Amino acid sequence: YLREISFVTQDSMMSAEYLLDEGELSEALLNLEYAWEWLDFMLLDCWPADTTAPPTATAPRPALGSEDICTERYLRESIISAQTALIVAEYWLDEGDMASATVEFQHAEEWLKLALRNCGTMADDDASSATATPAVPAYSGPPLLSPDFLDDTSLVTNDPCAAPCWNYITPGETTWDEALAILEDDPRFSNIETDNEREFLGVDWQKAGTDLFCCRMVANDTTEVVEFLFLSLSPQITLDRVLAVHGEPTYTIAQTYTQTAAIVQLLYPDTPMIIWVVVDDTRRALAPDSDVVALFYMTDEQMALVIDTTVLYGWAGYQSYEAYQDAAPVVTPAMTLTLVPGR
C-alpha cells in the first residue's frame, strides 16, 4: 500500500513538472494538491487521529508570506525535495525499517504542504494530516559514496561483459532462475534476499563483509525474465572514463540528493542504461573526476517508459550543477497519469 501511494504521488508531481514546463501554474498547483492528498490520506489511514502518530521532524518551519516565493523555480525545488524524500522512504521500506520510512513519507508530505501554503492554495487550517506542524526535512537516507558498495568497473572495462550486461546478467535476456543462480554462486555477495510476494520478482544483496545493501534486481513475474538491475558502486569509476568509452549521454536529469550533494543522471537510451554521477557540492560543476555512484541497467521497453514519462534535459558538458538544474527541457512527457484521490 505504501509503495502504491508513493508511485501515484510521484506521478502527480511529474505531471506538475510537465505543466510548469507548459507555463500552466494553476494546473501544476492542482496536481501538487493531488500529490499532497495521496500522502495525507496514507498518513491518516496508517496513523489515524486516535492512534500514535508517526515520528515528526523538529526543524523550524520556514517563514511564510513572501510575495515572490511562489516561483517556478521554488515549486521545482519543492518537488525535487519531496521526490527525494519518497526515494529515501522506499529505500527504508526495502531495509524493513518502517519507522524511518514513515518519517520520510511525512517529510514529502510536509514539503508539498509548505509549497501549497506559500503559493496561497492551502490555508494553515486546511491540513488534515497527522503531522501538526510542517518542518524542513533533514536527510536520513543511505549514503551516496561508500566503500561498502559494489566494487565493479565493468561499465568501462566491458569485463566480463559490456553494458547493459553485468556479471553475465542482461535485462530482457537472462531468466530469473539463471540470474539468481549467478548471484548465489558468487562468493563476492552475501545476504541475498528475495521478494516474490508482489507483482514482480525482486532480490537485494550486499557485498560480502559489509552492512549496506548495494544492489537490486527485478524480473517480470509473468515472463520471469530480468527487467532491470540497480547497482550502487564504490567510487572507482570517474566521469571522464565513462565519456571515453560510451560517449556523451543523450539526456540528463539533475536531482538534489541532500542539502549539499546532488546527482546528475546520464541517460543512454541505445544501451539502455542510466548512470548516476555525484556532484558533492551543489555549487560546483560536473568534472572529469566526478564519481560514478550507481548504474541502472534495463530493457528497451523500460527505457522507453522512462523517456515517455519523464522531463529530460540535454547534455551540457562539464557545467555547474545549477546550470543543469536551470536548463530548459529537451523532452517533456508524452504521457501523464494523474490519479485523483477519492475518484
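For the structure, see preceding data.
Here the structure is a predicted model, which means the values were calculated and not measured.

Rules used in this analysis
- Residues numbered from 1 in each chain as written.
- Predicted model: local features only at pLDDT ≥ 70, side-chain atom pairs only at ≥ 80, totals over all residues.
- Heavy atoms only, no water.
- Helix = DSSP H or I, 4+ residues; strand = E, 2+ residues; numbered from the N terminus.
- Contact = heavy atoms within 4.5 Å.
- Salt bridge = Lys/Arg side-chain N within 4 Å of Asp/Glu carboxyl O.
- Buried < 20%, exposed > 50% of the residue type's maximum accessible area, 1.4 Å probe, protein only.

Following A163, the chain continues into P164 via a peptide bond in cis, with omega recorded as 10°. Inspection of the secondary structure puts P164 in the loop between α5 (154-157) and α6 (176-184). One non-glycine residue, E224, lies in positive phi territory at about 55°.

On the secondary structure map, Q83 appears in helix α3 (residues 72-94). Ignoring anything within four residues of it in the chain, the contact list for Q83 reads M13, E17 and Q255.

What follows is about the environment of D300. As for its placement among the helices and strands, D300 is situated in helix α8 (residues 300-309). Linking D300 and P269, residues 31 residues apart in sequence, is a C-alpha distance of 7.6 Å. Those residues within four positions of D300 in sequence are excluded, and the remaining contacts are P269 and P272.

If you walk through the whole model with that rule in mind, you get 4 salt bridges. A salt bridge links D151 to K207; the shortest N-O distance between them is 3.0 Å. One end of the pair, D151, is in the loop between α4 (98-118) and α5; the other, K207, is in strand β2 (residues 201-207), with 56 residues separating them in the sequence. With a closest N to O distance of 2.7 Å, D186 and R188 form a salt bridge. The exposure class assigned to D186 is buried, which follows from its relative accessible area of 13%.

Without other data, these values stay purely geometric and don't point to any function.
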